[in-house]
Amino acid sequence: MTRIPLLIDTDPGQDDAIALLLAAASPELELLGVTTVAGNVPLALTTLNARKVLELAGRRDLPVCAGADRPLDVPLVTAEHVHGDTGLDGVDLPAPTLPVDPRHAADFIVQVLRERAPGTVTLCPLGPLTNIALALRRAPDVAARIRRIVLMGGGFFEGGNVTPAAEFNLYVDPQAAHEVFTSGVPITMAPLDVTHQALTRADRIAAIRALGSRAGDAVAAWMDFYERYDEQKYGQDGAPLHDPCVIAWLLAPELFQGRDCNVRIEVQSPLTRGMSVIDWWGATGLPANAQVLRHLDADGFFALLTERLGRL
Ligand code: RIB
Ligand code: CA
């Protein structure tokens, strides 16, 4: 099997944590390291949480590099009201022994891209895009060496989740998002339009809890905690499981449907800051710069997630 080399940039966050576990449990993926960014909670906590989750996955071998503690040019906005004060509320994981790698996330991303063969490494940002933008600023040459950026972010037909117009990851650092979407790097985007179909329904949580493992129990508890906010907000059975959609697309792209579109990011307007303007109908005639995922086989997604968690 040809494994897919990837780096995950993340702001754990319960859904990020589940995405990390899915990646760690999947032999198709060669996880080269994890970089952390401020987002759901401040950087110190996202870095601590990433280390806790990798230890839960039995991956103490992986480098964890901390990155940006704030967006490029606006104050940091966090989401403790969704993820809890720790960012991983719902489960009390032990303090990690996995060390923090001293390299800055952006430098680590550049180093890996330069060390690996051109066009082989996939970047999977699961939070604000600050570290990706910093890497591209520090080493513009590496853009051509990235196989693809597969990210969770944006929304169009579903609107936004942090403002009526913008999804959290792109809202937190719209300039970084703009620089990534204009970088010329191939992009696959999992916006709210697709992640809102990945609902943590009670029967799906029960199947994960029935695994009877530490990882399964942690994921079920995170889902129980996580849905208290979104279920009330959206009035649906379950909360949207955003970030694992990125990893699932790498593993089973047939679970998703979408199309290549032009996507631009609003960076000027206070009203629509961070909005992803997705030209789904080709109204502008502008060239496509992203594959936008819009439909998901949710039962297939949760079957994949549950089976892989059962391997941890
Ligand atoms: O809008 C959802 C995204 O914001 C997810 O990545 C979640 O973890 C938060 O970072
Ligand atoms: Ca995230």
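Keep in mind it's a predicted model, so treat the numbers as computed, not measured.

1. Topic: the site of ligand 1
Taken together, the residues surrounding ligand 1 are Asp11, Asp15, Asp16, Asn40, Leu126, Met152, Asn161, Glu167, Phe168, Asn169, His242 and Asp243. Between ligand 1 and asparagine 161, the relevant distance is 2.8 Å, taken from an oxygen atom to a side-chain nitrogen or oxygen of the residue. The protein chains hide 97% of the 270 Å² of surface that ligand 1 would expose on its own. Among the secondary structure elements, those contributing two or more residues to the shell around ligand 1 are helix 1 (14–24) and helix 6 (168–172). Of the residues assigned to the shell around ligand 1, the class counts are three nonpolar, four polar and five charged.

2. Remarks on the sheet that holds strand 8 (residues 276–279)
Spatially, 3-2-1-4-5-6-9-7-8 is the arrangement adopted by the nine strands of the open sheet, whose pairing is mixed. The strands lining the two open edges of the sheet, one partner per strand, are strand 3 (64–66) and strand 8. On average, adjacent strands in this sheet sit at an angle of 30° to one another, irrespective of strand direction. Judged from the seven bridges that link them, strand 1 (residues 4–10) and strand 2 (residues 29–36) form a sheet pairing that is parallel. Across the sheet, the residue bridging to threonine 10 is threonine 36, located in strand 2. Relative to strand 1, helix 1 is tilted by about 165°, and along the sheet it contacts strand 1 and strand 2. The strands that helix 11 (residues 244–251) touches are strand 1, strand 2, strand 4 (121–125), strand 5 (146–152), strand 6 (187–190), strand 7 (256–265) and strand 9 (290–296); relative to strand 5, the one it contacts most, it runs at about 140°.

3. Thoughts on the packing of helix 11 against helix 12 (residues 298–309)
Running from N to C, helix 11 and helix 12 cross one another at 90°; their axes reach a closest spacing of 11 Å. Overall, the two elements helix 11 and helix 12 adopt an arrangement that is roughly perpendicular. The residues of helix 12 that touch helix 11, namely those facing Pro244, Cys245, Ala248 and Leu251, are Phe301, Leu304 and Arg308.

4. Side note on helix 11
Along helix 11, eight of the eight residues are buried, which leaves the element largely enclosed by surrounding structure. Residues Pro244, Cys245, Val246, Ile247, Ala248, Trp249, Leu250 and Leu251 constitute the buried set of helix 11.

5. Some thoughts on the coordination of the calcium ion (ligand 2)
The coordination sphere of the calcium ion (ligand 2), as far as protein atoms go, consists of Asp11 (OD), Asp16 (OD), Asp16 (OD), Leu126 (O) and Asp243 (OD), spread over 2.2 to 2.5 Å. Read N to C, the donor residues that coordinate the calcium ion (ligand 2) are spaced as D-x4-D-x109-L-x116-D. Considered together, aspartate 11 and aspartate 16 belong to a single accessibility category, that of buried residues.

6. With respect to the nonpolar core
Among soluble globular proteins, nonpolar side chains are generally buried collectively. Core analysis: the biggest nonpolar cluster contains 58 residues, and Ile8, Trp222, Met223, Ile247, Phe256, Phe301 and Leu305 have the highest contact counts within it. Per-element tally for this core: the top contributor is helix 1, with eight residues. Beyond its immediate sequence surroundings of up to four residues, phenylalanine 256 is in contact with Val194, Cys245, Ala248, Trp249, Leu293, His295 and Leu296.

7. Quick word on the pattern of salt bridges
A full pass over the atoms with the stated rule returns 14 salt bridges. With a closest N to O distance of 2.6 Å, arginine 114 and aspartate 141 form a salt bridge. Of this pair, arginine 114 sits in helix 4 (residues 105–115) while aspartate 141 sits in the loop between helix 5 (130–138) and strand 5, placing them 27 residues apart in sequence. Between arginine 209 and aspartate 224 there is a salt bridge whose closest N-O contact spans 2.6 Å.

8. Remarks on the packing of helix 4 against helix 5
In contact at an axis separation of 8 Å, helix 4 and helix 5 are set at 60° when each is read in the N-to-C sense. Viewed along their axes, helix 4 and helix 5 adopt a mutual orientation that is oblique. Relative to helix 5, the crossing made by helix 4 is right-handed. Note on element contacts: helix 5 touches helix 4 through Asn131, Ile132, Leu134, Ala135 and Arg138, opposite Ala105, Ala106, Asp107, Ile109 and Val110. Tallied by class, residues from the contact of helix 4 with helix 5 come to seven nonpolar, one polar and two charged.

9. Things to note about the environment of isoleucine 278
Relative to the assigned elements, isoleucine 278 resides in strand 8. A relative accessible area of 3% places isoleucine 278 in the buried class. Discounting residues that sit within four places of it in the chain, isoleucine 278 has contacts with Gly155, Phe156, Met189, Asp193, Cys261, Asn262, Val263 and Val292.

The rules behind these values
- Numbers given to residues run from 1 along each chain, matching the order in which its sequence is written.
- All chains are assigned letters beginning at A, and all ligands numbers beginning at 1, according to the order in which they are written.
- Under the rules for a predicted model, residues below a pLDDT of 70 receive no local features and side-chain atom pairs below 80 are neither given nor counted, while totals for whole chains, interfaces and linings still include all residues.
- Values shown for side chains rest on all heavy atoms present in the structure; no hydrogens or waters enter the calculation.
- What makes a residue near a molecule or strand is one non-hydrogen atom of that residue sitting within 4 Å of it.
- Under the rule applied, a polar contact is a pair of N or O atoms within 3.5 Å (in protein, one hydrogen donor and one hydrogen acceptor; residues adjacent in sequence only if both atoms are side-chain atoms).
- Areas reported here follow the Shrake-Rupley algorithm with a probe of radius 1.4 Å; residue values treat only the protein chains shown as occluding.
- Where helices and strands are cited, they refer to DSSP runs of H or I of at least four residues and of E of at least two residues respectively, numbered from the N terminus.
- Put simply, Ala, Val, Leu, Ile, Met, Phe, Trp, Tyr, Cys and Pro go in the nonpolar bin, Asp, Glu, Lys and Arg in the charged bin, and everything else, Gly too, in the polar bin.
- Think of it this way: DSSP has to see at least two bridges between two strands before they count as a pair.
- With axes taken as lines fitted to C-alpha atoms, and helix axes fitted only over the stretch in contact, angles between N-to-C directions fall between 0 and 180 degrees.
- The criterion used for residue contact is that any of the two residues' heavy atoms lie within 4.5 Å.
- Angular relationships are summarised with four words: roughly parallel below 35 degrees, roughly antiparallel beyond 145, roughly perpendicular across 65 to 115, and oblique for the angles in between.
- We call a residue buried when its accessible area falls under 20% of the maximum for its residue type, exposed when it is over 50%, and partly exposed in between, using a 1.4 Å probe and counting protein chains only.
- Here the term donor refers to an N, O or S atom within 2.8 Å of the metal (or 3.2 Å for Na, K and Ca), and because water is left out of the atoms, sites may appear incomplete.
- Note on terminology: a nonpolar core comprises buried Ala, Val, Leu, Ile, Met, Phe, Trp, Tyr and Cys residues joined through side-chain atoms within 4.5 Å.
- Think of a salt bridge as a Lys or Arg side-chain nitrogen and an Asp or Glu carboxyl oxygen that are within 4 Å of each other.
- The crossing is said to be left-handed when, going from far helix to near helix, the turn is anticlockwise and less than a right angle, and right-handed when the turn is clockwise.

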